[in-house]
Amino acid sequence: SPTAPAPAGPDLNALKWKAFTAIAISFVTMVFSMTMVFVALSSIADDYGVTLRAVSWVVIVQSLVISGVMMPMGRVADMIGRRRVHLAGLLLFAFGSACVALAPTFGLMIAARALMSLGNAMGQAVGTAMVVAVFPPEERGKALGSQTSVVAIGSAMGPIVGGFVLQVAPWQTLFWMLVPPLLLAWVV
C-alpha cells in the first residue's frame, strides 16, 4: 500500500524570519525614539515655554522608567507570556507616543513620555528572548547579530531623521511618525 504524503507543516524558516521582522521593526522604532528626541529638545522647550534644564526631563523620565521597569517586565513575561507583554508594550508605546504629540502642557507631556517609556521597556524586555526562542541553536548567533545591527540602525537614524523632519515640521511629527511602524510590528 502506498504511503500517504506527510501533511505540509508551516515553513519554520519563514516563521522565524517573520517573528524576527516584527521584533526588528519594533526595536528600530523604540531605539529611534530614544535618539531622535535629543534634536527636538530645544523646540519642545520653546513650545512649552520651559527652560532647557526642565526639558531635560523628556530624556530623564524615559531613562528612569526603562531602567526601573525592564527587568520586572521580563519576569512578568515569564509568567504570562513574552508575546503578550511584547504586544501590549507596542500598543502602550504607540498610545503614549500619540499622547506626547497631543499633550497640551509640559507636565502632561512628561506623563505621556513615561507611559510611552513603559511600553518601550515592555517591548525591549522580551525582544531578545523572543528572537532566541524562534531560532535554532546553530543560528542564534546570526539572529542576535542581526538584532544588534537593527538596534544600531535605529540609534543612528534617530538624530539624522529627526533633524530632517524638524526642518520642515513641528516636533510633534516625530512622535506621530512612531505610531505606524509600531502598529505594523503589532500586526506582523
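How each quantity is defined
Within each chain, residues carry numbers counting from 1 in the order of the written sequence. It should be noted that, the model being predicted, local features are given only for residues of pLDDT at least 70 and side-chain atom pairs only at 80 or more, the latter also being counted only at that level, while totals for whole chains, interfaces and linings use all residues. Only hydrogens and water are set aside; all other atoms, that is, all heavy atoms of the structure, feed into the side-chain values. Pairing of aromatic rings covers Phe, Tyr and Trp, the last counted by its six-membered ring, and requires centre-to-centre distances within 6.5 Å; plane angles under 30 degrees mean stacked, over 60 mean edge-to-face, and any other angle means tilted. A run of DSSP states H or I qualifies as a helix once it reaches four residues; a run of E qualifies as a strand once it reaches two. Both are numbered from the N-terminal end. Each residue is placed in one exposure class: buried if its accessible area under a 1.4 Å probe, protein chains only, is under 20% of its type's maximum, exposed if it is over 50%, and partly exposed if it falls in between. The rule for a salt bridge is simple: a side-chain nitrogen of Lys or Arg has to be within 4 Å of a carboxyl oxygen of Asp or Glu. A contact between two residues is defined here by any heavy atoms of the two lying within 4.5 Å. Axis definition: a line fitted to C-alpha atoms, limited for helices to the stretch in contact. Angles are taken between N-to-C directions and run from 0 to 180 degrees. For this classification, under 35 degrees means roughly parallel, over 145 means roughly antiparallel, 65 to 115 means roughly perpendicular, and everything else is oblique. Helix crossings get a hand from a simple test, with the near helix turned counterclockwise from the far one by less than a right angle marking a left-handed crossing and a clockwise turn marking a right-handed one. Multiply 1.5 Å by the residue count of a helix minus one, and that product is the helix's expected span. What we call the bend at a residue is the angle made by axes fitted to the seven residues finishing there and the seven residues starting there. Two distance rules govern patches: like charges are joined within 9 Å, and nonpolar side chains (Val, Leu, Ile, Met, Phe, Trp, Tyr) within 5 Å, applied only to residues with over 30% relative accessible area and no salt bridge. For accessible areas, the Shrake-Rupley method is used with a probe of radius 1.4 Å. Any residue's cover is judged against the shown protein chains and nothing else. Definitions used throughout: a 1 Å grid over protein atoms alone; a cavity as a set of points that fits a 1.4 Å probe which cannot get out; a pocket as an open set with protein on both sides within 12 Å along at least five of seven lines; a lining residue as one with an atom within 4 Å of a point. Grid points are joined across faces, edges and corners, and a volume is the space filled by probe spheres set on the points. Ten residue types, Ala, Val, Leu, Ile, Met, Phe, Trp, Tyr, Cys and Pro, are classed as nonpolar, four, Asp, Glu, Lys and Arg, as charged, and the remainder, Gly among them, as polar.

Caption draft 1: Spatial organisation of the packing of aromatic side chains. Taken as a whole and judged by the stated rule, the model has six aromatic pairs. Seen from their ring centres, Trp-17 and Phe-135 are 5.0 Å apart, and the 85° between their planes marks the pair as edge-to-face. With Trp-17 in helix 1 (residues 12-48) and Phe-135 in the loop between helix 5 (106-134) and helix 6 (140-168), this residue pair connects regions lying 118 residues apart in the sequence. Of the residues examined, Trp-17 reaches a relative accessible area of 28% and is grouped as partly exposed. On the numbers, 5.9 Å between centres and 85° between planes, the contact of Trp-171 with Phe-175 is edge-to-face. Site record: aromatic cluster; members linked through ring pairs are Tyr-48, Phe-106, Trp-171 and Phe-175.

Caption draft 2: Inspection of the pattern of salt bridges at higher detail. If you walk through the whole model with that rule in mind, you get one salt bridge. A salt bridge links Lys-16 to Glu-139; the shortest N-O distance between them is 2.3 Å. Of the two residues, Lys-16 sits in helix 1 while Glu-139 sits in the loop between helix 5 and helix 6, which places them 123 residues apart along the sequence. Side by side, Lys-16 and Glu-139 carry an identical accessibility label, which is buried.

Caption draft 3: Here's a closer look at the environment of Ala-125. Tracing the sequence through the fold places Ala-125 in helix 5. Taking the relative accessible area as the measure of exposure, Ala-125 reaches 22% and is therefore partly exposed. Separated by 54 residues in sequence, Ala-125 and Met-71 place their C-alpha atoms 6.7 Å apart. The contact partners of Ala-125, leaving out residues within four places of it in the chain, are Met-70, Met-73 and Gly-74.

Caption draft 4: Quick peek at the packing of helix 4 (residues 82-102) against helix 5. One can describe the packing of helix 4 onto helix 5 by two numbers: an axis separation of 7 Å at closest approach and a directional angle of 150°. Judged by the inter-axis angle, helix 4 sits roughly antiparallel to helix 5. Crossing handedness for the pair helix 4 and helix 5: left-handed.

Caption draft 5: Layout of helix 3 (residues 57-80). Given a rise of 1.5 Å per residue, 24 residues ought to cover 34 Å, and the 32 Å separating the end C-alpha atoms of helix 3 matches this to within 8%. At Met-70, helix 3 shows its maximal bend, which comes to roughly 40°, and the proline Pro-72 appears one to four places after that position. Within helix 3, the full set of buried residues consists of Val-58, Val-59, Val-61, Gln-62, Val-65, Ile-66, Met-73, Gly-74 and Ala-77. One or two residues past the end of helix 3 sits Gly-81, with phi positive at roughly 115°.

Caption draft 6: Focus on a nonpolar patch on the surface. On the surface, a cluster of nonpolar side chains totalling about 380 Å² of accessible area is made up of Leu-91, Leu-183, Trp-186 and Val-187. Ranked by residue count, the leading element in the nonpolar patch is helix 8 (residues 179-187), at three residues. Within the fold, Val-187 resides in helix 8.

Caption draft 7: Spotlight on the layout of surface pockets. Its boundaries defined by the atoms lining it, the largest pocket holds a volume of some 270 Å³. Mapped onto the lining of the largest pocket, the elements with two or more residues apiece are helix 1, helix 4, helix 5 and helix 8. The residue inventory of the lining of the largest pocket, partitioned by class, reads ten nonpolar, one polar and two charged.

Caption draft 8: Structural detail: the environment of Ser-26. Tracing the chain through its elements places Ser-26 in helix 1. Accessibility expressed as a relative area gives 0% for Ser-26, which makes it buried. For the pair Ser-26 and Leu-41, spaced 15 residues apart in sequence, the C-alpha separation works out to 23 Å. Among all residues touching Ser-26, those that are not within four sequence positions of it are His-86, Leu-90 and Ala-185.

So yeah, pure geometry; function would need other evidence.
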